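# Remarks on the overall topology
Here is how the chains run, residue by residue.
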Amino acid sequence: MPSSQPLPSKENSLFKRILKCYEHKQYKIGLKYSKQILGNPKFAEHGETLAMKGLTLNCLGRKEEAYDLVRRGLRNDLKSHVCWHVYGLLQRSDRKYDDAIKCYRNALKWDKDNLQILRDLSLLQIQMRDLEGYRDTRYQLLQLRPVQRASWIGYAIAHHLLKDYTQSLNILEEYRKTQTQVKQYDYEHSEFLLYQNDVMKDAGKLEEALGHLNQYEDQINDRLSVQETRGEIFLKLGRKVEASHIYEGLLERNPENRLYLESYATACDCHTDDEKAAAFKPFTEKYSRASMPKHLMMKVAHGKIRLKSFCKSVFTAQSNLNICK
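Computed from a predicted model, the values in this text were never measured in an experiment.

Reading the values: rules and limits
- Residues numbered from 1 in each chain as written.
- Predicted model: local features only at pLDDT ≥ 70, side-chain atom pairs only at ≥ 80, totals over all residues.
- Heavy atoms only, no water.
- Phe/Tyr/Trp six-rings, centres within 6.5 Å; stacked < 30°, edge-to-face > 60°.
- Helix = DSSP H or I, 4+ residues; strand = E, 2+ residues; numbered from the N terminus.
- Buried < 20%, exposed > 50% of the residue type's maximum accessible area, 1.4 Å probe, protein only.
- pLDDT = per-residue confidence, 0-100.
- Axes fitted to C-alpha atoms, helices over the stretch in contact; angles between N-to-C directions.
- Parallel < 35°, antiparallel > 145°, perpendicular 65-115°, else oblique.
- Left-handed = near helix turned anticlockwise from the far one by under 90°.
- Contact = heavy atoms within 4.5 Å.
- Nonpolar A, V, L, I, M, F, W, Y, C, P; charged D, E, K, R; others polar.

## Describing the packing of aromatic side chains
Under the defined criterion, the tally for this structure stands at seven aromatic pairs. Ring geometry for Y247 against Y260: centres 6.4 Å apart, planes inclined by 45 degrees, an arrangement best described as tilted. Here Y247, found in helix α14 (residues 240–253), pairs with Y260, found in helix α15 (residues 258–267); they are 13 residues apart in sequence, far enough to count as distant. Accessibility expressed as a relative area gives 5% for Y247, which makes it buried. Taking the centre distance of 6.2 Å and the plane angle of 5 degrees together, the rings of F283 and Y287 count as stacked. Ring pairing ties together the aromatic residues W152, Y175 and F192, which thus form one cluster.

## Focus on the confidence of the model for the protein
With 91% of its residues at a pLDDT of 70 or more, the protein shows a mean pLDDT of 89. Per-residue pLDDT, averaged within each element of the protein, yields its smallest value for helix α18 (residues 304–324) (53) and its largest for helix α8 (residues 131–144) (96).

## Quick notes on unusual backbone geometry
Glycine aside, a negative phi is what most residues show, and trans is what most peptide bonds show. Non-glycine residue R95 carries a positive phi angle of around 65 degrees. Relative to the elements of secondary structure, R95 occurs in the loop between α5 (81–93) and α6 (97–110).

## Focus: the packing of α8 against helix α9 (residues 149–161)
Here α8 crosses α9 at 160 degrees, and the two axes come no closer than 9 Å. Between α8 and α9, the interaxial angle falls into the category roughly antiparallel. Crossing of α8 against α9: the hand is left-handed. Counted together, L131, Y134, R135, R138, Y139, L141 and L142 of α8 and A150, S151, W152, G154, Y155, I157, A158, H159 and L161 of α9 form the full contact between these two elements. Looking at side-chain class alone, the contact of α8 with α9 contains eleven nonpolar, three polar and two charged residues.

Following this line, the structure appears as structure tokens:
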């Protein structure tokens, strides 16, 4: 909806420059353009210009002046989505998030399809854990921009957070079907597939998640995440022999990763400290320079003689490494 205080072409051009200066953080230049508009007696009380001047002053640390100008601008043009949006941005900067959301909703009454206001509203809704409101806002954004990947994923995330996994997976799958030509090394598509797999795991569809991983492995660029995910699924499915092989391979890449070591011990059905010590011991010998296998070994080593013997071997090995350096 157009402002109730429309500007002539010259002043309107200056107002657009104010917006650009705000976006590019050129605040002092923006104030000069504001002065040119407000200096004209005909537009001295132009609501949107007063609001933008106030927003600019807020960025320069002049908060009291900013609030006075924004409120004055809002009083002069209550039907302006710009004035309500600016007032919401001021409230957000002071962490008055509930008030900011009210301002954004008022702004949307006068411009219901404004993408920037909808995005700002959705960010505050998810920050305040208003998940139902976030879902509705993301659906509106999807309707306005159905060709954008972010619109689909944002709406799927909303359902994911609400634990409506079936609907989330349906949305993600509908979007995936539109991706007929995937470029080589498309990292965004790769991350999309990994996220889709995460939703399947959260939904408890482990077999489906494993099949999805095998089917689209060639399109996922993050090979490490593929192996980590596969190992996690094998563990949850109780396929512990396959899981142990996966974690052995991961430990070859990074023997300092605590999660890999603990997951390997789980895959080997290690329940007692003695069993864990037996599982970790080969890695202390195979990766003598790595400290994490030794650290975990010391945590589970019991008995004064056994602990003393193991600590001695660790410190001796470390001393030899230091001498070699």
